[in-house]
Amino acid sequence: MQTSESLFNRAKQHIPGGVNSPVRAFKAVGGTPPFISKADGPYIFDADNKRYIDYVQSWGPMVLGHNNPKIRQAVIDAAQNGLSFGAPTEIEVIIAELVSELVPSMQMLRMVNSGTEATMSAIRLARGYTNRDKILKFEGCYHGHADSLLVKAGSGALTLGVPSSPGVPANVAEHTLTMEYNNLESVAQAFAQYPEDIACIIVEPVAGNMNCIPPVDGFLQGLRDICDQYGALLILDEVMTGFRVALGGAQQKYQVEPDLTCLGKVIGGGMPVGAFGGKKEIMQHMAPLGPVYQAGTLSGNPVAMAAGLASLNQIKKPGLYEQLSQTTQTLAEGFKSLADKHGIPMSVNYAGSMFGLFFTDVERVTNYQQAINCNTEQFNMFYHGMLDNGVYLAPASYEAGFVSAAHTDEVIQETLKIADKVLAEVALK
Ligand code: PMP
């Protein structure tokens, strides 16, 4: 039996950083990442057979908890009939109808294989539909790793985009404007400067890639109004929030209607699935109906669709999202009162079953600058203390945490008991 440590050493020989997605390498917090051998409900188990209460939940998909029996069975049943046909299937029709019913703004939609593909395709469609090149995003929001979206702000609200990764050509990045999250004024200024050039605004309706930052009152509706004023499209990137903060996503929770929506994570129930969709009139510009091209050999894959459908069929259960929100509130407020008890400055945010802990004395964190100014040293101490004691949080202070339906009150209380002990230790350092 290989331990996490020996597996990590072997992995580094043939996989850059030993991982297939960078954050898994634990660069931000240091140490060896546990290599996971199995998962069940709220728990994951590593190669050393240590059990952790998991608040990463595969970065969001497992809203019902790990190894859900109905999803597992649906995958086994689908696999009996063949893994991929590259031709249309009934289950694609069923899932499209169901997603449209749950998220009514998605009158038409297309399945893809990841959140990155969903946002990349939605942006291409917005550009193709409006005949405009620029896009507007927000500092600290992550929309996958497509070139035009891997851009962060330069200094000054209206600075043109600079790539945040080598390999993204400057003349691609220059079409991306990056504004401050929760700041409508900066968006209004950008549109005043480029009234006829901005194809779309893309936004995480609850930001989950700079820890967890919900929209302030009026922010999302303000974006909708500005888009209407200038003929731009509003794209809600609900890859994380879809079927997570409410059954109908953040657009239902905050009552804002996008032109296009991107989905991922929960829609695949743990299999690689994404989707984008929206108003029929816009979606009809997609090939083969229209000129905007997008395709995928494995898109709508029958095994992945079976997992997605089994996931969506279960989350429709009445009361599930109320339960998830309640559990998340108990957990987040529990962390906050323990931090208070130990004299550690902390602010917590939560929306539906997403939460974030900030080691800061800022009362309410609403943007990227505040998020990155938190005490990372305290976070890292807290992180490793929790990990040692069997609680698996996201291994970086800029990631949202997730609660699943399998996190019972008992599991939450066990987590808080451990946090009490760990925060006492952090307070002593
Ligand atoms: N958009 C958002 C809001 C995300 O959180 C993510 C992934 N964390 C993506 C897009 C990209 O999705 P994927 O990793 O499936 O490509």
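Residues numbered from 1 in each chain as written. Predicted model: local features only at pLDDT ≥ 70, side-chain atom pairs only at ≥ 80, totals over all residues.

> Got a sec to walk through the environment of Ala78? Specific residues and values, please.
With respect to the helices, strands and loops of the structure, Ala78 is situated in helix α2 (residues 69-79). Expressed as a C-alpha distance, the spacing of Ala78 and Val303, which sit 225 residues apart in the sequence, is 5.4 Å. Apart from residues no more than four positions distant in its own chain, Ala78 is found in contact with Pro302, Val303 and Ala306. (Helix = DSSP H or I, 4+ residues; strand = E, 2+ residues; numbered from the N terminus. Contact = placed C-beta atoms within 7 Å.)

> I'd love a proper account of the domain arrangement of the protein chain, names of residues and values included.
Assigned domains of the protein chain: these are domain 1 (4-67 + 318-428) and domain 2 (69-315). One C-alpha centre belongs to domain 1, the other to domain 2, and the line joining them spans 25 Å. Taken together, the 27 residues of domain 1 in the interface contact 30 residues of domain 2. The set of elements that each furnish at least two residues to the side of domain 1 that touches domain 2 consists of α11 (320-341), β13 (347-351), β14 (354-358) and α12 (368-372). Considering each element in turn, the side of domain 1 that touches domain 2 owes the most residues, four residues, to β14. (Domains from an automatic or database assignment.)

> Can you lay out the pairing of strand β2 (residues 43-46) for me, pointing to particular residues and giving the numbers?
Regular strands place side chains that alternate from one sheet face to the opposite one. When strand β1 (residues 36-40) meets β2, the two strands line up antiparallel, connected through four bridges. Looking across to β2, one finds that Ala39 is bridged to Ile44. As judged from the three bridges shared by β2 and strand β3 (residues 51-54), these two strands associate in the antiparallel manner. Directly across from Ile44, in β3, lies its bridge partner Tyr52. (Pairing = 2+ DSSP bridges.)

> Residues and numbers for helix α6 (residues 184-193), please.
Turning to α6, its buried residues number three or more, namely Ser186, Val187 and Ala190. All buried residues of α6 fall inside an arc of 100° around its axis, so they share one side. Set apart from the buried face of α6 by more than 90 degrees, the exposed residues are Glu185 and Ala192. Buried residues along α6 sit in contact with β5 (134-138), β8 (176-179) and α7 (219-230). (Buried ≥ 20, exposed ≤ 12 C-beta atoms within 10 Å, placed from the backbone. Arc of directions from axis to C-beta.)

> An account of unusual backbone geometry is requested, with residue identities and associated values reported.
Between Ala287 and the following residue, Pro288, the backbone shows a cis peptide bond with an omega angle of 10°. Structurally, Pro288 is set in the loop between α9 (280-283) and α10 (302-315). One non-glycine residue, Phe243, adopts positive backbone phi at about 55°. With respect to the helices and strands, Phe243 occurs in the loop between β10 (233-237) and α8 (249-253).

> If you had to explain the site of the ligand to someone new, which residues and values would you point to?
Neighbouring the ligand are 16 residues; Ser114, Gly115, Thr116, Gly144 and Val239 lie closest to it. At three residues, the largest contribution of residues to the shell around the ligand is made by helix α4 (residues 115-130). Broken down by class, the residue content of the shell around the ligand amounts to four nonpolar, 10 polar and two charged. (Near = placed C-beta within 6 Å. Nonpolar A, V, L, I, M, F, W, Y, C, P; charged D, E, K, R; others polar.)

> Go over the nonpolar core, please, and point to the residues and values.
Ala126, Cys200, Ile201, Leu233, Ile235 and Ala275 are the most contacted members of the largest nonpolar core, which totals 121 residues. Split by domain, the residues of this core number at least three in each of domain 1 (4-67 + 318-428) and domain 2 (69-315). Here Ala126 is in contact with Ala199, Cys200, Leu233, Ile235 and Leu260, once residues within four sequence places are set aside. (Core = buried A, V, L, I, M, F, W, Y, C linked by C-beta atoms within 7 Å.)

> Can you tell me about the packing of α11 against helix α14 (residues 409-428), naming the residues and giving the values?
The interhelical angle for the contact between α11 and α14, taken along N-to-C directions, is 20°, at an axis separation of 10 Å. Between α11 and α14, the crossing angle belongs to the class labelled roughly parallel. The handedness of the crossing between α11 and α14 is right-handed. Facing Thr327, Thr330, Leu331, Gly334, Phe335, Leu338 and Ala339 of α11, the residues of α14 in contact are Ile412, Thr415, Leu416, Ala419, Asp420 and Leu423. Of the residues in the contact of α11 with α14, the class split is eight nonpolar, four polar and one charged. (Axes fitted to C-alpha atoms, helices over the stretch in contact; angles between N-to-C directions. Parallel < 35°, antiparallel > 145°, perpendicular 65-115°, else oblique. Left-handed = near helix turned anticlockwise from the far one by under 90°.)

> Explain the sheet that holds β1 to me, using residue names and the numbers behind them.
In any sheet, the strands associate via hydrogen bonds between backbone groups, in a parallel or an antiparallel arrangement. Spatial strand order, β1-β2-β3-β15: four strands in an open sheet with mixed pairing. Edge positions in the open sheet fall to β1 and β15 (391-392), since each of these has one partner strand only.

> I'd like a rundown of α4, residues and numbers included.
Over its 16 residues, α4 runs 22 Å from end to end, which matches the ideal 22 Å to within 8%, given 1.5 Å per residue. With respect to burial, α4 is a largely interior element, 12 of its 16 residues being buried. Positive phi appears at Asn131, one or two residues downstream of α4, with a value of about 60°. (Expected span 1.5 Å × (residues − 1).)

> Could you give an account of the UniProt feature "modified residue: N6-(pyridoxal phosphate)lysine" (unreviewed entry) in the protein chain, with specific residues and numbers?
Under the feature "modified residue: N6-(pyridoxal phosphate)lysine" (unreviewed entry), the UniProt entry names Lys265. Relative to the helices and strands, Lys265 resides in the loop between β11 (260-263) and β12 (274-278). Residue Lys265 is classed as buried on the basis of its 27 C-beta neighbours within 10 Å. (UniProt positions renumbered as here; feature names shortened; annotations may be inferred.)

> Go over the sheet that holds strand β16 (residues 401-402), please, and point to the residues and values.
In space, the three strands of this open sheet follow the order β13-β14-β16, with antiparallel pairing throughout. Both outer strands of the open sheet, β13 and β16, are each paired with one neighbouring strand and no more. Sheet analysis places β14 next to β16, joined by two bridges and oriented antiparallel. Looking across to β16, one finds that Phe355 is bridged to Gly401. Along the sheet face, α11 touches β13 and β14 and points at about 175° away from the line of β13.

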